[in-house]
Amino acid sequence: MSKPPISGNPASQGIDELLQRAHKLYTNVLQGNTSNLDFPIAYRRRALGVIPNLSSDGYSQLLGDLANALVARFQQQGSRADLACAIECHLVGLALRPIGHPIRVIAIVDLATALVTRFKEDGALNDIHLAIDNFAAALSLCPFEYPARCALIMKYAGALLLRFEYCGDAEDAERAIEQYQTVVDLSSPDERPAPLNKLASALQSRFQHFHELNDLELSIQHSGAALHFLPTHHPDRPQTLCTLAGGVFERFRQKGDVADLETARRYYQAVYDLCSHEHPYHVLALNNLADVLLARFKHQGDSFDLDLAISHYQTACIYSEGQPDQGMHLDHLGNAQLLQFRQSGDMADLHRAIENHYLALELHPHGHHRRPATMAALASCLDARFEKQGELADLKKALNFYDDALALFSKDHPQRPAILNNIASTLEMYFKQYKELNQLNRCIAYYREALELYPTTHVDRPITLTGLACALLSRFELLGDEFDLDQASLHCTVALDARPVGHPARPISLLTMARVCRSRFFPWDDSKKLDGVFEYLRAAKDACKPGHSLLLDIHAELSIIHFLRYLVSQHTMDLKEALGYHELSMAFGSGGVWAAFRASLYWVQSAEMFRHASAVDAYRTALRLLDRCVTVAKAPELQLQLTIRHAELMLDAFSAAIRYKQPDIAVEMLEQGRQLLWTRVALHRSILDDLRSFGEQGARLADDFEQLDRRLECGWGRQNGRESPHHHRDLQKQRDVAIAQIRRLDGFSYFLMHPSFADIQRAAIDGPVIVVNASHYLCNAIIIFTTGQPSLVRLPKVTLADVARLAALFHDVARYSGDPDPGGDRERRLIDLLAELWDLVVSPVVDRLLPHTPKGSRIWWCPTGKFTALPLHAAGLYRGIELNLSQLYVSSYAPTLSSLIKSRRIKSSTTPHRPSFTPFLSNFLKGRKSKSSRLFTPALASCTFAAVCSNERTEDIDMLRKVLPLTCTMTRITGANATHEHVIRAIREQPWIHFNSRAEPNFDLPFKSHFPLHDKPLSLLEIAQTLAEVERPPEFAFLSVSHGFNGTEGHETMHFPHALHMAGFQSVVGTMWAVDEEVTRRIASAFYHSVVVESRGAVDCASAAKALNQALKTVEEGTPLEQRIAFVHVGV
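Residues numbered from 1 in each chain as written. Predicted model: local features only at pLDDT ≥ 70, side-chain atom pairs only at ≥ 80, totals over all residues. Heavy atoms only, no water.

### What to know about the nonpolar core
Counting 160 residues, the largest nonpolar core has Val-842, Trp-861, Phe-995, Leu-1060, Phe-1065, Phe-1087 and Tyr-1088 as the members making the most contacts within it. When residues in this core are grouped by element, the largest group, 12 residues, is from helix H37 (residues 825-849). Once residues within four sequence positions are removed from consideration, Phe-1087 is found in contact with Phe-1036, Phe-1038, Val-1069, Ala-1104, Ala-1107, Leu-1108 and Ala-1111. Among the nonpolar cores identified, the runner-up in size contains 77 residues, and Leu-399, Tyr-430, Phe-431 and Leu-451 belong to it. (Core = buried A, V, L, I, M, F, W, Y, C linked by side-chain atoms within 4.5 Å. Buried < 20%, exposed > 50% of the residue type's maximum accessible area, 1.4 Å probe, protein only. Helix = DSSP H or I, 4+ residues; strand = E, 2+ residues; numbered from the N terminus. Contact = heavy atoms within 4.5 Å.)

### Structural notes on the packing of helix H3 (residues 56-77) against helix H5 (residues 104-122)
Packing of H3 against H5 leaves a shortest axis separation of 11 Å and a crossing angle of 20°. Judged by the inter-axis angle, H3 sits roughly parallel to H5. The element H3 and its partner H5 pack so that their crossing is left-handed. Between H3, through Asn-68, Val-71, Phe-74 and Gln-75, and H5, the contact on the second element is made entirely by Asp-110, Ala-114, Thr-117 and Glu-121. Class assignment for the residues of the contact of H3 with H5 results in three nonpolar, three polar and two charged. (Axes fitted to C-alpha atoms, helices over the stretch in contact; angles between N-to-C directions. Parallel < 35°, antiparallel > 145°, perpendicular 65-115°, else oblique. Left-handed = near helix turned anticlockwise from the far one by under 90°. Nonpolar A, V, L, I, M, F, W, Y, C, P; charged D, E, K, R; others polar.)

### Quick word on helix H6 (residues 125-141)
Taking 1.5 Å per residue as the helical rise, H6 with its 17 residues ought to reach 24 Å, and the 25 Å between its terminal C-alpha atoms agrees with that figure. Burial in H6 covers these residues: Asp-127, Ile-128, Ala-131, Ile-132, Asn-134, Phe-135, Ala-138 and Leu-139. Down the axis of H6, the sector holding all buried residues measures 165°, keeping them to one side. Along its buried surface, H6 packs onto H5 and helix H7 (149-167). (Expected span 1.5 Å × (residues − 1). Arc of directions from axis to C-beta.)

### Comments concerning the packing of aromatic side chains
In this structure the tally under the stated criterion is 15 aromatic pairs. Taken together, a centroid distance of 6.2 Å and an interplanar angle of 35° make the contact between Phe-563 and Tyr-566 tilted. Taken together, the residues span about one helical turn, with Phe-563 and Tyr-566 both in helix H25 (residues 550-569) at a distance of three residues. Take Phe-563: its relative accessible area is 3%, and that puts it in the buried class. The buried category is assigned to Tyr-566, whose relative accessible area is 8%. The interplanar angle of 85° and the centroid separation of 6.5 Å between the aromatic rings of Phe-1036 and Tyr-1088 together place this pair among those described as edge-to-face. With Phe-1036 in strand E11 (residues 1036-1038) and Tyr-1088 in helix H45 (residues 1077-1094), the pair connects residues that are 52 residues apart, well separated along the chain. Tyr-1088 shares its class with Phe-1036; the two are buried. The structure contains a cluster of three or more aromatic residues connected by ring pairs, namely Phe-945, Trp-992, Phe-1036, Phe-1038, Phe-1087, Tyr-1088 and Phe-1127. The aromatic ring of Tyr-267 is capped on one face by Arg-266, whose charged end is 5.7 Å from the ring centroid. (Phe/Tyr/Trp six-rings, centres within 6.5 Å; stacked < 30°, edge-to-face > 60°. Lys NZ or Arg CZ within 6 Å of the ring centre and 35° of its normal.)

### Structural notes on the side chain of Arg-296
Mapping Arg-296 onto the fold places it in helix H13 (residues 281-300). Other than its neighbours up to four places away in sequence, Arg-296 contacts Leu-261, Glu-262, Arg-265, Gly-301 and Asp-305.

### Quick word on the state of the cysteines
Counted by the stated rule, this structure contains zero disulfides. Summary of cysteine pairing: Cys-242 is not part of a disulfide, and the nearest cysteine sulfur, belonging to Cys-275, is at 7.1 Å. With a relative accessible area of 10%, Cys-242 lands in the buried category. (Disulfide = S-S within 2.5 Å.)

### Some words on the pairing of strand E7 (residues 969-974)
Two elements, strand E6 (residues 944-949) and E7, share six bridges in a ladder whose sense is parallel. Across the sheet, residue Cys-949 finds its bridge partner in E7, namely Thr-974. Note on the crossover from E6 through helix H41 (residues 955-963) to E7: the handedness is right-handed. (Pairing = 2+ DSSP bridges. Right-handed = clockwise from strand over helix to strand, strands pointing away.)

### Brief notes about unusual backbone geometry
It is generally the case that most residues other than glycine have a negative phi and that most peptide bonds are trans. One non-glycine residue with positive phi stands out, namely Gln-570, at about 65°. Its location among the elements puts Gln-570 in the loop between H25 and helix H26 (572-584). By relative accessible area, which is 42% here, Gln-570 ends up partly exposed. You will see that Lys-661, though not glycine, has its phi angle at about 55°, which is positive. By the secondary structure assignment, Lys-661 is in the loop between helix H30 (647-659) and helix H31 (663-682).

### A short note on H37
If you check H37, its first and last C-alpha atoms are 33 Å apart, about what 25 residues at 1.5 Å a residue would give, namely 36 Å. At Val-842, H37 shows its strongest bend, of approximately 55°, with the proline Pro-844 following within four residues. (Bend = angle between axes of the 7 residues up to and from the residue.)

### Description of the confidence of the model for the protein chain
When pLDDT is averaged along the protein chain, the result is 83; 87% of the residues meet or exceed 70. Scored below 50 in pLDDT, residues 1-11 shows 19 contacts in the model against residues more than four places distant or in partner chains. In this model residues 715-724 is a low-confidence stretch, pLDDT under 50, and it forms 27 contacts with partners more than four residues away in sequence or in other chains. (pLDDT = per-residue confidence, 0-100.)

### Overview of the pairing of strand E13 (residues 1127-1131)
When a strand is regular, its side chains alternate between the sheet's two faces. When you tally the buried positions in E13, you get five out of five residues, the bulk of the element. Judged from the five bridges that link them, strand E12 (residues 1067-1071) and E13 form a sheet pairing that is antiparallel. Among the inter-strand pairings, Val-1069 is bridged to a residue of E13, identified as His-1129.

### Quick word on the packing of helix H21 (residues 461-479) against helix H22 (residues 482-498)
Between H21 and H22, the least distance of the axes is 8 Å, while the angle of their chain directions is 155°. When the interaxial angle is binned, H21 and H22 end up roughly antiparallel. Between H21 and H22 lies a crossing whose hand is left-handed. Residues Pro-462, Leu-465, Thr-466, Leu-468, Ala-469, Leu-472, Leu-473, Arg-475 and Phe-476 of H21 form the contact with H22, whose own contacting residues are Glu-482, Asp-484, Leu-485, Gln-487, Ala-488, His-491, Cys-492, Val-494, Ala-495 and Ala-498. Partitioning the contact of H21 with H22 into residue classes produces 13 nonpolar, three polar and three charged.

Right under this line is the structure:
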């Protein structure tokens, strides 16, 4: 079809031909044919500039045609300049058609249409307001019989609906629906499908805001009628099918009728079959079909639906690249990949989901209507990664994204309840890890708000009910409020009613109800009260397919219930069942560790409550699983939190074994716990870190083990037969082979094992070791000798409260150490405290030692808990001729017995620590043929020594040079040379290190304790990492700290000298609190002099303890007691 010439001027005939060509090209675009709009736009612009004497109507028509072409090009290419220019052209053209002009209405409608287009792009409310006003004005100009009146009403209704969806004004929705209904009433049967479909869409939109089910039913009714009027191959059929499928799918969400889900899938499949790849509905059909498949997977659990949905989403993302809806498809794909991760446990799925959501977030800038949904979806993925890896940063990001998304959703937004659910779930997980009550209270509040927003029949309501029940149960277990338990039971009952037999989510509701019922059971109750709990658990177990991830928790709960019934009824079969289910709860790699650990803690609690001898086994199991949980928790921060939170477990375990007359088991469990505590908290290291430091072979074995462990963990999460039991057993065998290879490495023979008492007893080779423990149940000490069973020393006069009180009092004294004490009041208080410590703790131990251990012998103290804050080595009466401990024995400390054994093994190694030679001498020795086969071993006195001082003051270092033998080579690292690099090198190469720079302890995070240096601090963590890599760790370190300990806070005081010994130094002399520089200098001088004397002219770290004991006696006169007793020896 051609348009008549705009001008009759013969000179303009060439221009008219160009305009005809422009119109033809533009018409092709409108008909869906691919054409380049640049030419028609250029032709019309040229015509505007060259046609002379153009009438107002002609100019207005040309402007309108240019504007419409610009809008079309904007829709093709997205250039905002085109859209702005089009609106400007429409405004100028409208001005040329004043009120009363016969075709003014066309200019008004074109302008309004362009404003709607810009509003969809920018969201500027002024555009949609102006568009609606212009559509209304155009309608007022059209007589009833105007042929395009119905089309104009449809545009007007569409603009009203658009403003309603953006602003939520119910009046706009009502007016839009009325306008669509008017067109339906005015249309013939052949014309009716389009307005019926629009009416159905408007009703669905209003339902999304106000949740009136009648709107949804009317929408389905109208779209069904529209479909009935359309022939099979009508071009409007895909759009109508989409509207009808959307209504039916939403009804499934509201009512949960599976028939609706299948109907929606069938309709969306029909749309997909009707649309070619080029059809604008092709990508939408793929996305919608994937949505339904995903919903069916959630409802029925068939993994094929999930795989097919992901495939459809991926195809939709490819076809929508560069299109406005690409971000939506990326979000949907990410949501499906998150679900796949939850099924498979494969971190690659989760990483892909996070990546897709971040890409979508870039496509949804601030102000975009989909940005809140994208942020919420990304938060869910970060939440899942935190759950898997424990990175607190992920949890904090997730909560921030959730909060931002929630702030952008209005109170009546349909997605608000889902966001509230997700935030609540995240907060509940945070509480389980960090036990912060305020986060649990927030979680409960969010669940309750979501519950109020969901309609009673909504398909997701049971998720909220079950989540709220779990949170209330957690709060009951923490606070004991029966109202919380009653509410949890009520919510579980409603959730179970909404999840009939066969529903895939029914097992979690059954398990939660079982836990609620178990919480109502008291030790004095009839065991028959547990029958209902068993029924819930058996039903939950029967509802789970083999390999279902919930089976681990169900087995753990069955273990608890059988054990409870055993404690009440004493039927041995129940105990057997309890142990059997406990093994099942951790039967599949690390995936079951958390459930089994929770069950073991309940076992501990129940055994202590009933005073049952199985408490010892319960503690052993709990400690073993705690170690495993800490290993599984990938994030160091979570490892630290877990270790600290359960630090008292080892103390109570020690106490339980003593109470049930198993002192050797008590020592084994305590050593196991202290190894975990000191390596994780003080050094921030794991056994795998140590293994990776063991050269290339160690690194390879560590990676192999970790990969197999991860595959076992992931395999447990797979459902529907994706991982067979045979495959799992093969992985388990491979893991066992990897463990055997690791245990063949030197120093790793106990990998994932814990030494027996016979192994631990080697710590007492050079003198007895005294373990001192305080728990809520009792306080006692155990003396370990080289042979025989450990000797129990009861401490009947001391309680945990007494130990805490003494720790606080010593802390007060240490805090003022070095301050003037003119009246001697502080020293008298200190003497009284040391006397009390002697009377309550040390004297009973000495009484047991004296018959077996000669005076003057060395002894090692291994205090635990609050005892670590007490100077046990300095206990005594300090009055007249009465003795104190330092006059009877030479005391040393050992943070763990394993560290003492390891240091002795290194010291007695046959490989000597060779001194540094000049290149000339080295080459000379290499080239010289020895007549003897003996190894060249330098005299011990020729060892090397490094002195570190971060300032230029060298008095202490000069003093050392005077005291040490001339055969000792001293390396001075002072002032500007005291850099991080130089000190690290000295630690690697020098056997003896004197730190003249005062250490800065960090008692909250001991691995961050550090030495201040010239360029940057050297942390304890860096020292530990360095020493893990050297072939032979250094022998000795001397240091003093800059301030006192936190004896009144925390579970255990981790002193810097103890931590430095754990890091790898065989022997350490240091202080428990700050000491004056002059006192430190005097004691250091006396100490090194005594070392040389004790070593008979040589320098041997084995003589450090006796040398310190002698040095402290030498400086006794003129040195305050509080300063002398601060010095301790740790190690061999």
